[in-house]
Amino acid sequence: MRSLHALLLGLAMQGCALFTKADPLDPTYYTPEPFAASPSTATPPPDLALRLGPVTSGSEIRQNLVVRTEGDELSFSEEQRWTEKPEAYLRRALSQELFERRGVRRIVSGPSLAIEVELVAFEEVVRGDGHFARVVATLILHDERVVREERTMTAEVPIANATKAQHSPDTVRALSSALERVVSDIADDVCRPKERAESVATGVGLQ
């Protein structure tokens, strides 16, 4: 009887352990979006009209904040996440920079110049004793028939207070700055006079 009692007690304790719930995960959410776009003082390019096509990202770019080590090992944080997938921030930032700040005319249908952008990296990089926010995006400029340009834009911003825990607010601020630089580089490239001259010569992008 004692043996049977001990066996039943052991099974009951195991059952309690199996059904005991772990502490629920309570992640912290961040947004790297910069300040709201303000009107630019630059003269809008009068001969450029553009459609903003798909803005995508690689499968490894998720809502989790990411750290890349020197051995190219990626770690994904379950406790610290973005409020949206990072390509959503990139798309909004591009729309604000091109159509609100720089005054590019926006095309929604019909033949036009168009850009497509893929977000390749959106991460914290640990290199030696330094920590950097790294944003990489590939731009494709086309007229629905011919690819006129394909370029990769990269921005790295040092993360302040790198000795602190990873994914601190300093990381978020640095990623926001890197995102802003990449968006500005893309807009500079799209709006440069060479591309506008080509669009005028072919009639593409004109209304």
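Residues numbered from 1 in each chain as written. Predicted model: local features only at pLDDT ≥ 70, side-chain atom pairs only at ≥ 80, totals over all residues. Heavy atoms only, no water.

**Description of the packing of helix α2 (residues 86-101) against helix α3 (residues 169-191)**
- Closest axis-to-axis distance for the α2/α3 pair is 10 Å, and the angle between their directions is 45°. In terms of their interaxial angle, α2 and α3 are classed as oblique. Note that α2 runs across α3; the crossing there is right-handed. Touching Tyr-89, Leu-90, Ala-93, Leu-94, Glu-97 and Leu-98 of α2 are Leu-179, Val-183, Ile-186, Ala-187 and Cys-191, all from α3.
- Taken together, the residues that form the contact of α2 with α3 break down as ten nonpolar, no polar and one charged. (Axes fitted to C-alpha atoms, helices over the stretch in contact; angles between N-to-C directions. Helix = DSSP H or I, 4+ residues; strand = E, 2+ residues; numbered from the N terminus. Parallel < 35°, antiparallel > 145°, perpendicular 65-115°, else oblique. Left-handed = near helix turned anticlockwise from the far one by under 90°. Contact = heavy atoms within 4.5 Å. Nonpolar A, V, L, I, M, F, W, Y, C, P; charged D, E, K, R; others polar.)

**Some details on the side chain of His-142**
- Here His-142 shows up in strand β7 (residues 130-142).
- Residue classification places His-142 among the buried residues on the basis of a relative accessible area of 12%.
- Here Glu-116 takes part through its side chain, which lies 3.2 Å from a polar atom of the side chain of His-142.
- For His-142, the residues in contact, after removing those within four places along its chain, are Ser-112, Leu-113, Ala-114, Glu-116, Val-147 and Arg-148. (Buried < 20%, exposed > 50% of the residue type's maximum accessible area, 1.4 Å probe, protein only. Polar contact = N/O pair within 3.5 Å; in protein donor to acceptor, adjacent residues only side chain to side chain.)

**Section: the nonpolar core**
- Counting 40 residues, the largest nonpolar core has Leu-50, Ile-115, Val-117 and Ile-186 as the members making the most contacts within it.
- Sorting the residues of this core by element identifies β2 (49-57), α2, β6 (113-127), β7, β8 (147-158) and α3 as the ones contributing at least two each.
- Tallying contributions element by element places α3 first for this core, with eleven residues.
- In this structure, Ile-115 is in contact with Leu-50, Arg-51, Leu-52, Gly-53, Pro-54, Leu-98, Leu-139, Ile-140, Leu-141 and Val-190, ignoring residues within four places of it in sequence. (Core = buried A, V, L, I, M, F, W, Y, C linked by side-chain atoms within 4.5 Å.)

**What to know about the confidence of the model for the protein chain**
- Here the protein chain averages 81 in pLDDT, while 73% of its residues score no lower than 70.
- Under a pLDDT of 50 for its full length, residues 195-207 has, in the predicted model, 31 contacts with residues more than four places off or in other chains. (pLDDT = per-residue confidence, 0-100.)

**What to know about α2**
- If you check α2, its first and last C-alpha atoms are 21 Å apart, about what 16 residues at 1.5 Å a residue would give, namely 22 Å.
- Those residues of α2 that fall on the buried side of the exposure criterion are Pro-86, Glu-87, Tyr-89, Leu-90, Ala-93, Leu-94, Ser-95, Glu-97, Leu-98 and Phe-99.
- Elements that come into contact with the buried residues of α2 comprise β1 (28-30), β2, β4 (74-82), β5 (105-106), β6 and α3.
- Count one or two residues on from α2 and you reach Gly-103, which has phi positive near 70°. (Expected span 1.5 Å × (residues − 1).)

**Here we look at the environment of Ile-140**
- Mapped onto the secondary structure, Ile-140 falls in strand β7.
- Along the backbone, Ile-140 and Glu-118 are 22 residues apart, and their C-alpha atoms lie at a distance of 8.7 Å.
- Aside from chain neighbours lying at most four places away, what touches Ile-140 is Ala-114, Ile-115, Glu-116, Val-147, Glu-149 and Glu-150.

**Some remarks on the pairing of strand β3 (residues 64-68)**
- Burial analysis of β3 places five of its five residues in the buried class, which makes it a mostly covered element.
- Where β3 lies against β4, four bridges are found, and the strand directions are antiparallel. Looking at the pairing, Asn-64 lines up with Arg-81 of β4.
- With two bridges connecting them, β3 and β6 associate as parallel partners. Its bridge partner being in β6, Val-67 is matched across the sheet by Glu-124. (Pairing = 2+ DSSP bridges.)

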